[in-house]
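Structural overview for review
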Amino acid sequence: MKKALLLLMSCVLVLSLAACSGGSDTDVTGGVEIKKVSDMKGTVRVALAGWQLDNGINAQTGNPTIGLNDYLDQTFYKMYPNIKLELYQIPWENVKAKQSAMLLSGDADVMYTGGAFASQWYQEGLLRDLDDLIKEDKSFDPNIYLAGIMNNSYSTKSPDGTKQFGIPVALGRRMTIYDKKLFEDWGVEPLTAKADPAEILEKAKKMSGKNPKTGEDNYGLYWSGNSLNGSTFVALTLAFGAKGAEGSLKDVKSIKWHLNTPEMVKVMEWLKEASKLPPAGFVNAQGAENFGLDKNNIAIALDSTGGATMNEYQSKKNKDLLDRFEPVLNMGPKGEGWVAVDPFIMAKKAKDVKASWEVLKFLTSPMTQKYMYDNFAQTPTLKNADFVSPEDKYVKKALEIAEVGHSELMDEANPFYMSDIVPAVNGFISKAATGNAPDIQKFLDDLQARAEKWSANLK
């Protein structure tokens, strides 16, 4: 069995290094012959949030995409001909409710889902720890994954950090991106490689108004003012050393809140000042539709992805926009910010644990991550993602940020953060944008009191 598994891993390594260009439009193997590696028998039920099962066309680039069914036919089913997969594709819009029901009823074995959902299900006792499987499987190397998200994320580790319940397979991309052309038009020095909030605010202010070369209205800054996870707020708390809370999600009732500290005041002061700079629609996540494109009028975008620019490059192969829109690290002290992590997890009630582990391994492997990057621009979770396009500097920068990433209590896995803190901060931003920001200390004192009351009322 060990020999077969080692063969599988070597095959995955070869495939991760192989280019797809040598095959047909629907080839995922790079011409490498896929061979059987195990006679293991079993049936594994896999619930997938948002994965595309059938071949199609990428609406953003016009390029063909290979669906998961075709990919599995060419790879997994040849490696494991006696393992049957029952696939359930669930839209992201209602994935939490449906996957929760499947876990409670025992109708799924392996899942791909959002990290916050996984963390919550783990705390509810619905997921299986993977440590024993990892320890027993000498062919599985946990060190191939970025340490920041494999070992320091609530999406993959227990609240106390001692148990591994998820394997990361996809990252959210959130970085600072600036428009070099607008910086040149205004005569402003480019952002440094690790621009902090002070630098960003100072330079953004210099580029708000009529562009001296084009006469068009420019906005120095943009971020999503109604973000559901408050990612920009998270990056700012890291940058200003505002912990917000101390303790563990394992014992939420005992969390000590620090929401009205001088450091948190600095975070809110920055948001108050910065809220004057974006287009008015930013409070509803609007106004940046042209960022990353030729008609852009925003100098700096926070927690941006580079997706629009890469889509343009992939569809037209024109590098002008790639050269124009430059990514730098996020605002934390090491360049970190909030990193969304989507894992594969195993249900506590998994019927066939051994077969489920083989499936989970395969779906988080370098080969599958390469397939998802090539077809759907999914950001991988690997230290050595050598299949990423040389031109794709946005994914490369996201991987740099993820390597130094870590979860904090100012995170979507914290129930009070999601239910109260994010809506409160977004409300503050909305009022600040119209010049009616609440008194910051009173705002934070009220938030602190609400947090303490919330903890005290927990059973």
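Data block above holds the structure.
Conventions adopted
- Residues numbered from 1 in each chain as written.
- Predicted model: local features only at pLDDT ≥ 70, side-chain atom pairs only at ≥ 80, totals over all residues.
- Heavy atoms only, no water.
- Helix = DSSP H or I, 4+ residues; strand = E, 2+ residues; numbered from the N terminus.
- Contact = heavy atoms within 4.5 Å.
- Buried < 20%, exposed > 50% of the residue type's maximum accessible area, 1.4 Å probe, protein only.
- Axes fitted to C-alpha atoms, helices over the stretch in contact; angles between N-to-C directions.
- Parallel < 35°, antiparallel > 145°, perpendicular 65-115°, else oblique.
- Left-handed = near helix turned anticlockwise from the far one by under 90°.
- Nonpolar A, V, L, I, M, F, W, Y, C, P; charged D, E, K, R; others polar.
- Expected span 1.5 Å × (residues − 1).
- Arc of directions from axis to C-beta.
- Pairing = 2+ DSSP bridges.

Looking at the element boundaries, Ala195 is found in the loop between α8 (180-186) and α9 (197-205). In this structure, the C-alpha to C-alpha distance between Ala195 and Gly332, residues 137 residues apart in sequence, is 9.0 Å. Look past the residues within four positions of Ala195 in its chain and what remains in contact with it is Ile200, Asn330 and Met331.

Another aspect to go through is the environment of Leu126. When you line up the elements, Leu126 lands in the loop between α5 (115-123) and α6 (131-136). With relative accessibility at 13%, the residue Leu126 sits in the buried group. C-alpha of Leu126 to C-alpha of Leu104: the two residues are 22 residues apart in sequence and 7.3 Å apart in space. In contact with Leu126, other than residues within four places in its own chain, are Leu103, Leu104, Trp121, Ala347 and Lys348.

With that settled, consider the packing of α9 against helix α11 (residues 262-274). When two helices pack together, their arrangement is given by the angle between their axes and by how far apart the axes lie. α11 packs onto α9 with a crossing angle of 15 degrees between their chain directions and a minimal axis gap of 11 Å. Viewed along their axes, α9 and α11 adopt a mutual orientation that is roughly parallel. Note on packing geometry: the crossing formed by α9 with α11 is left-handed. Residues Pro197, Ala198, Ile200, Leu201 and Lys205 of α9 lie in contact with α11, whose contacting residues are Trp270, Glu273 and Ala274. Of the residues assigned to the contact of α9 with α11, the class counts are 6 nonpolar, no polar and 2 charged.

Here helix α18 (residues 440-456) spans 24 Å end to end across 17 residues, near enough to the 24 Å set by a 1.5 Å rise per residue. Among all positions of α18, only Ile440, Phe443, Leu444, Leu447, Gln448, Ala451 and Ser455 are buried. Seen from one end, α18 has its buried residues packed into an arc of 135 degrees, which puts them on one side. Away from its buried face by more than 90 degrees, α18 exposes Lys442, Lys453 and Ala456. Summarising the contacts, the buried residues of α18 are in contact with β11 (256-258), α11 and α17 (415-433).

Let's shift gears to α9. For α9, the complete set of buried residues consists of Pro197, Glu199, Ile200, Leu201, Lys203 and Ala204. Structurally, α9 contributes buried residues whose contacts are with β7 (175-179), α8, β9 (217-222), α10 (231-240), α11 and β12 (298-304).

In spatial order, the strands read β8-β9-β12-β7-β13; together these 5 strands make up an open sheet with mixed pairing. Strand pairing shows two members of the sheet lacking a second neighbour, β8 (209-210) and β13 (325-328), which therefore form its edges. As defined by bridge partners, β8 adjoins β9 across 2 bridges and the pair is classed as antiparallel. Pairing of Lys210 across the sheet is with Asp217, part of β9.

The next subject is unusual backbone geometry. Look at Asp303: it is not a glycine, yet its phi comes out positive at around 50 degrees. Along the chain, the position of Asp303 falls in strand β12. We classify Asp303 as buried; its relative accessible area is 14%. Phi is positive for Lys317, which is not a glycine, with a value near 55 degrees.

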